[in-house]
Amino acid sequence: MSRLDFVLEELITANRVLAHEGIVDSFGHISARHPDNPQHYLLSRARAPERIERDDIVEYRLDGTAIDDDGRAPYTERFIHGAIYEARRDVHAVVHNHSPSVIPFGVTGTKLKPLLHMCASCGHEVPIWDSCEKFGDTTLLVSDMAMGRDLAQLLGARPSALMRGHGATVVGRSVRHAVFIAVYLELGAKLQMQAMAMGGIKFLSPGEVDKITARVNDYTLDRAWENWARRAGREMQA
Ligand SMILES: [Zn+2]
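This structure is a prediction, so every number in the text was calculated from the model and none was measured. Starting from 1, residues in each chain are numbered consecutively following that chain's sequence as written. Local features in a predicted model are, by the rule used here, given only for residues with pLDDT of at least 70; side-chain atom pairs are given and counted only at 80 or more, and totals for whole chains, interfaces and linings are based on all residues. To obtain the side-chain values, all non-hydrogen atoms of the structure were used and water was disregarded.

J.: Even after reading the chapter, I still don't get the packing of aromatic side chains, so can you show me in this structure?
T.: Centre distance and the angle of the planes are the two values used to describe a pair of aromatic rings. Within 6.5 Å between ring centres, the rings of Phe, Tyr and Trp (the latter by its six-membered ring) count as paired, and their orientation is classed by plane angle as stacked under 30 degrees, edge-to-face over 60, tilted in between. Tallying each qualifying case throughout the model produces five aromatic pairs. Here the aromatic rings of Tyr 41 and Tyr 60 are separated by 5.5 Å at their centres, their planes lie at 25 degrees, and the arrangement is stacked. Highlighted residues: Tyr 41 in strand β2 (residues 40–44) and Tyr 60 in strand β3 (residues 57–61), separated in sequence by 19 residues. Both residues of the pair, Tyr 41 and Tyr 60, count as buried. Note on conventions: DSSP H or I runs of at least 4 residues are helices, E runs of at least 2 residues are strands, and numbering of each starts at the N terminus. Any residue under 20% of the maximum accessible area for its type is buried, any over 50% is exposed, and the rest in between are partly exposed; the area is computed with a 1.4 Å probe on protein chains only.

J.: How should I be thinking about the nonpolar core in this particular structure?
T.: Nonpolar side chains tend to gather and get buried jointly when the protein is soluble and globular. Nonpolar cores are built from buried Ala, Val, Leu, Ile, Met, Phe, Trp, Tyr and Cys residues. Side-chain atoms within 4.5 Å join them into one set. Judged by nonpolar contacts, the single largest core of 65 residues is most densely connected at Val 175 and Val 179. For this core, the element with the most residues is helix α6 (residues 175–198), which contributes ten residues. Contacts are assigned to residue pairs that have any heavy atoms within 4.5 Å of one another. Setting aside residues up to four positions removed in sequence, Val 179 forms contacts with Ala 14, Val 17, Leu 18, Ile 30, Val 95, Trp 225 and Trp 228.

J.: Help me out: how do you make sense of the coordination of the zinc ion in this one?
T.: Working reference: metal with six octahedral donors, ideal angles 90 or 180 degrees; metal with four tetrahedral donors, ideal angle 109.5 degrees. Distances from the zinc ion to its protein donors, Glu 77 (OE), His 96 (NE2), His 98 (NE2) and His 166 (NE2), fall within 2.0 to 2.1 Å. Distances up to 2.8 Å from the metal define which N, O and S atoms are donors, and 3.2 Å serves for Na, K and Ca; water is absent from the atom set, so sites may look incomplete. Only two sets of limits are used to name each site, 85 to 135 degrees for every angle of a tetrahedral four-donor site, and over 155 degrees for opposite donors with all other angles from 65 to 115 for a square planar four-donor or octahedral six-donor site, with any other site named irregular. Considering all four donor atoms around the zinc ion, the spread of angles at the metal, 99 to 139 degrees, places the coordination shape in the irregular class. Each donor residue of the zinc ion lies on the same chain, and together they follow the pattern E-x18-H-x1-H-x67-H. Pair noted here: Glu 77 is in the loop between β3 and α2 (79–87) and His 98 is in the loop between β4 (93–97) and α3 (103–108), with a separation of 21 residues, a long-range link. On the accessibility criterion, Glu 77 (5% relative accessible area) is buried.

J.: What is the right way to read the packing of helix α1 (residues 3–20) against helix α8 (residues 218–231) from this model?
T.: Two quantities define a packed helix pair, namely the angle between the helix axes and the distance between the axes. At a minimum axis separation of 9 Å, α1 and α8 run at an interaxial angle of 75 degrees. Overall, the two elements α1 and α8 adopt an arrangement that is roughly perpendicular. Across the interface between the two elements, Glu 10, Thr 13, Ala 14, Val 17 and His 20 of α1 pack against Trp 225, Trp 228, Ala 229 and Arg 231 of α8. Here the axes come from fitting lines to C-alpha atoms, over the contacting stretch only for helices, and the angles between their N-to-C directions go from 0 to 180 degrees. We call two directions roughly parallel when the angle between them is under 35 degrees, roughly antiparallel when it is over 145, roughly perpendicular when it lies between 65 and 115, and oblique otherwise.

Right under this line is the structure:
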């Protein structure tokens, strides 16, 4: 199997997993940087993640133009992906989602921070990108490279960012890594709301976050991936 074939199959599995775990619904998407050309990325045509097949995946340049869309309509928000790959050479996969528990943190100013060891990979504190600050009244969708680059700048070197009134964007060193962070970002947000209702929270310290993050290796990711893939009706690739 070629590296490209491997990544294409990973993307199909990732779409099914994200849908099955409630991170995306009919909207939201995941891309991977092209394994043989870092100036291109792979992303489905505009389709619900749970329904995506291999023929849906289109190759794009970083500016969001398709190499050969063959009549397949693109996601409006594909610019999120290209702008982040342009800014972050370490990133090989990007998830964009509107999962329900992250939304309140994007609109209240309450900082989303990890309180569970599994959520450490979300970063010390999740920053909030507010499209209104530079772009005024919009549909809130990241619909061009200027918006994508502004989001990428806010993200900086971090693994995740919230988007006010909209959702979240998560990046990883691989498809499995990005999915892992996205799943635990949603869980972390849900747990933080539950804990806030009970009282004050002792969050993970920055040092704890750094130590835990350094321990998230392929073994950790593969253990989760095998389970999530099977739950979503897919097999884990070796
Ligand atoms: Zn969106």
